[in-house]
Amino acid sequence: MNVVLGVSGGIAAYKACELLRRFSESGHDVRVVPTASALHFVGEATWSALSGNPVSTEVWESVHEVPHVRIGQHADLLVIAPATADLLAKAAHGLADDLLTNTLLTARCPVVFAPAMHTEMWEHPATRENVATLRRRGAIVIEPAVGRLTGVDTGKGRFPDPEAIFELCQRVLTRGADAGHTDLAGRHVVVSAGGTREPLDPVRFLGNLSSGRQGYALASVAAARGARVTLVAAHTELPDPAGVDLVRVGTAAEMREAVLAAAADADAVVMAAAVADFRPAEYAAVKIKKVEGAEPAPVALVRNADILAEISRGRPVPGQVIVGFAAETDNALVNGRAKLARKGCDLLVVNEVGGGRAFGSADNEAVILADDGSETPVPFGPKAALADLLWDRVAARLA
Ligand code: CTP
């Protein structure tokens, strides 16, 4: 996709380098348009090297290419990070005195602003009105973070976490400006993710191939849609997602405890974790040694509690929506229907796995089965897109 990264003149420009790197690594073609002030903070060479593209700074360069019109027209997404109070004011009033503001007027794609400024400037009635104007016109203006600002003061106005901006932009690229809607605001959702590890001795465990990606995508997307999110994560190598309460667990028993505790006041629980069905019956407190000339002793297994079935039966909160996942290698829909009924959940996401599909990859294809008999196919695509479709179904039930 063609992403235009507009950078206005704030110290947070250096953090936009990280955002640019995330876009480039994900295969997007990024064109950076810094304002003259932005170049005081981060120079043209950095933007050019990180984007792999020439950097356009003013309307008077390469005039024959009409850059002030072309760059905006060809963009699939325009993200302004950081967006200063001055830039927001210019955008709200349609001023066009440099290349970036011209690009804002010619772009017809979704526009995301990631503001960063001092608290007083963010709270000033002029800025409040400019932000309201931009939002009314369909732009997404991310709320700045609260924390340490430049200098000694702290407060609201900090540049949002680059990873969170990136996640939101990815959603905007798949869902359009609709991605900015916070329809889960005021809701508490619990998501489990990753694969549990059931120890056999101090150095060995029974594990599985779950990467945690789908659960993490569900948590990030729910947070972006305004929910308070508790993410109960078993083993995964993913970085911590922004804006969620993360609870780390190891075994299925620990996961059960954490999920039941968080579910006590949750509007929805999504069990995306690969919870081990069995654990070794015995835990050897010292490492099991091989014995020359003897076969290893068989490993006896016992069943773990089924967390999904337990919360589906218990339902601590009236109207709580409970979602399970099923990874099936064959007869996916028939097995999925049976599993939905057996577990007693409201929705079940069925993936066909095996042959390199789903596990560890960034994309997924699935069908969402509902207890009313309906089926929602989810076409092959990013796990964040599946997450959005699933939250659509959950939000519809909560409404
Ligand atoms: N799950 C759970 N607790 C367990 C095992 C699984 O909550 N002890 C949840 C998973 O998080 C997932 C769903 O149940 O949402 C997956 O079920 P699965 O393990 O496939 O179900 P089984 O009935 O064990 O299916 P099968 O034996 O056919 O693999």
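Residues numbered from 1 in each chain as written. Predicted model: local features only at pLDDT ≥ 70, side-chain atom pairs only at ≥ 80, totals over all residues. Heavy atoms only, no water.

Chemist: So what exactly am I meant to see when it comes to the domain arrangement of the chain here?
Modeler: By a widespread convention, an interface's size corresponds to the accessible area lost as its parts come together. One can read the domain layout of the chain as domain 1 (2-175) and domain 2 (188-398). Between the C-alpha centres of domain 1 and domain 2 there is a distance of 37 Å. Taken over both partners, the interface formed by domain 1 and domain 2 buries close to 610 Å², and the fraction arising from carbon and sulfur atoms is 58%. Viewed at the interface, domain 2 and domain 1 are joined by one salt bridge. Note that Arg171 and Asp388 form a salt bridge whose closest N and O atoms lie 2.7 Å from each other. Across the contact surface, domain 1 and domain 2 share one residue pair in polar contact (both at pLDDT 80 or more). Class assignment for the residues of the side of domain 1 that touches domain 2 results in one nonpolar, one polar and four charged. (Domains from an automatic or database assignment. Buried area = accessible area lost by both parts, 1.4 Å probe. Salt bridge = Lys/Arg side-chain N within 4 Å of Asp/Glu carboxyl O. Polar contact = N/O pair within 3.5 Å; in protein donor to acceptor, adjacent residues only side chain to side chain. Nonpolar A, V, L, I, M, F, W, Y, C, P; charged D, E, K, R; others polar.)

Chemist: What should I look at first to understand the sheet that holds strand E12 (residues 245-248) in this one?
Modeler: Strand pairing in a sheet relies on backbone hydrogen bonds. The paired strands run either parallel or antiparallel. Ordered in space as E12-E11-E8-E13-E16-E17-E18-E19, the eight strands form an open sheet in which the pairing is mixed. Two strands in the sheet have a free side with no partner beyond their single neighbour: E12 and strand E19 (375-382). Strand-to-strand twist in this sheet, taken as the mean axis angle between neighbours without regard to direction, amounts to 20°. The pairing of strand E11 (residues 228-233) with E12 spans four bridges and is classified as parallel. (Pairing = 2+ DSSP bridges. Helix = DSSP H or I, 4+ residues; strand = E, 2+ residues; numbered from the N terminus. Axes fitted to C-alpha atoms, helices over the stretch in contact; angles between N-to-C directions.)

Chemist: Help me out: how do you make sense of the site of the ligand in this one?
Modeler: Taken together, 14 residues lie near the ligand, and Met271, Ala273, Leu308, Phe325 and Lys339 sit nearest. Measuring from an oxygen atom of the ligand, one finds a side-chain N or O atom of Asp277 at 3.2 Å. Backbone polar atom of Phe325 to an oxygen atom of the ligand: 2.8 Å apart, as the coordinates give it. Relative to its free-state accessible area of 590 Å², the ligand is covered by the protein chains to the extent of 77%. More than half of the atoms of the ligand fall within 2 Å of the grid points belonging to the largest pocket. (Near = heavy atom within 4 Å. Areas by Shrake-Rupley, 256 points an atom, 1.4 Å probe, with all protein chains shown as cover. 1 Å grid on protein atoms, 1.4 Å probe; cavity = no way out; pocket = protein on both sides within 12 Å on 5 of 7 lines; lining within 4 Å. Sits in = over half its atoms within 2 Å of the grid points.)

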